[in-house]
Every structure is written in structure tokens, then in C-alpha cells.
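Inside the fold
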Amino acid sequence: MVTDLKRRLNNNGAGTRVEIYPVDQAGVLESRRRDISHRAINVRGAWDDKVDAWDKGPNDPSAAEMLDVIWDEVITDLGSDYDAYSYVTHIGFAA
């Protein structure tokens with residue numbers, strides 16, 4: 001399954017479109033809330049590492065660390081507002 005998932009997500013080098021949904025700010029004081037909408041970005045290049053980290057499972061500290069590093073690399077492609085997406089409610093993609 002891992003090999004097939006990598007192939008699908010890499011999409012012959014074209015990557016996969018990912019939707020990023022920011023953290024729900026309902027619990028934040030109104031004066032401190034930011035208007036952050038969901039974003040979509042095409043992710044290329046790091047799918048093999050992402051899938052390998054995912055395959056290790058949630059209880060492997062090295063996997064969690066690797067996913068954090070990869071996420072930081074992905075969100076820098078969002079431009080100057082990338083830090084607003086350091087913590088998100090969820091991401092969505094199809095493979």
C-alpha cells in the first residue's frame with residue numbers, strides 16, 4: 001500500500017493538491033481573532049518522506065518530528081502568511 005500511495009501522491013512529479021483548513025478561532029477573544037481562510041496548494045517532492053513517516057504510526061516520535069519538519073517546508077510555499085497555517089484543523093487531499 002505504501003508504494004502505491006507514494007506513486008499516486010507524487011503523480012509523476014506533478015504532485016497533489018492539498019487543502020489546508022486553519023484552526024477554528026471560535027475560542028479566541030474577538031479582538032485577537034484573525035480572518036484566515038482555507039488555502040489550497042500543490043505539494044510536490046516530499047511525498048515519499050511524508051508517507052514513510054505516516055507509515056511508522058502516531059506513536060513513533062521520529063515520525064511525528066519528521067511530519068513537523070515536512071509541514072514547515074510545505075507551508076513556506078504559502079507566502080508571507082505561512083505562519084498562520086503552522087497549526088491547522090485539518091488538511092485534505094485525494095490519492
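To describe two helices that pack against each other, one gives the angle between their axes and the distance between the axes. Put simply, helix 2 (residues 47–56) and helix 3 (residues 61–75) touch, their axes get as near as 8 Å, and they point 150° apart. The pairing of helix 2 with helix 3 is recorded here as roughly antiparallel in orientation. As helix 2 packs across helix 3, the resulting crossing turns out to be left-handed. Seen from helix 2, the contacting residues are D49, K50, A53 and K56; seen from helix 3, they are S62, A63, M66, L67, I70 and V74. When grouped by side-chain class, the residues that make up the contact of helix 2 with helix 3 number six nonpolar, one polar and three charged.

Within this model, the largest pocket holds a volume of roughly 520 Å³. Around the largest pocket, the lining comprises 19 residues; the ones closest to its centre are K50, L67, I70, W71 and I91. Elements with a minimum of two residues in the lining of the largest pocket: helix 1 (2–10), helix 2, helix 3 and strand 3 (88–92). Per-element accounting of the lining of the largest pocket gives the leading share, six residues, to helix 3.

Along the chain, K50 falls in helix 2. Of the side chains bearing the opposite charge, E73 lies closest to the buried K50, which forms no salt bridge; the N-O distance is 7.4 Å. In this structure K50 touches V43, L67, I70 and V74, once residues within four positions along its chain are discounted.

Using the criterion set out here, one finds four salt bridges in the structure. Here D81 and R34 are joined by a salt bridge, their closest N and O atoms 2.7 Å apart. Linking D81 in the loop between helix 3 and strand 3 with R34 in the loop between strand 1 (16–22) and strand 2 (39–43), this pair joins segments that are 47 residues apart in sequence. Judged by relative accessible area, R34 falls into the partly exposed class, the value being 46%. Via salt bridges that share partners, D4, R7 and R8 belong to a single interconnected network.

Conventions and cut-offs
- Residues numbered from 1 in each chain as written.
- Predicted model: local features only at pLDDT ≥ 70, side-chain atom pairs only at ≥ 80, totals over all residues.
- Heavy atoms only, no water.
- Axes fitted to C-alpha atoms, helices over the stretch in contact; angles between N-to-C directions.
- Helix = DSSP H or I, 4+ residues; strand = E, 2+ residues; numbered from the N terminus.
- Parallel < 35°, antiparallel > 145°, perpendicular 65-115°, else oblique.
- Left-handed = near helix turned anticlockwise from the far one by under 90°.
- Contact = heavy atoms within 4.5 Å.
- Nonpolar A, V, L, I, M, F, W, Y, C, P; charged D, E, K, R; others polar.
- 1 Å grid on protein atoms, 1.4 Å probe; cavity = no way out; pocket = protein on both sides within 12 Å on 5 of 7 lines; lining within 4 Å.
- Points joined across faces, edges and corners; volume = space filled by probe spheres on them.
- Buried < 20%, exposed > 50% of the residue type's maximum accessible area, 1.4 Å probe, protein only.
- Lys, Arg positive; Asp, Glu negative; His and termini not counted.
- Salt bridge = Lys/Arg side-chain N within 4 Å of Asp/Glu carboxyl O.

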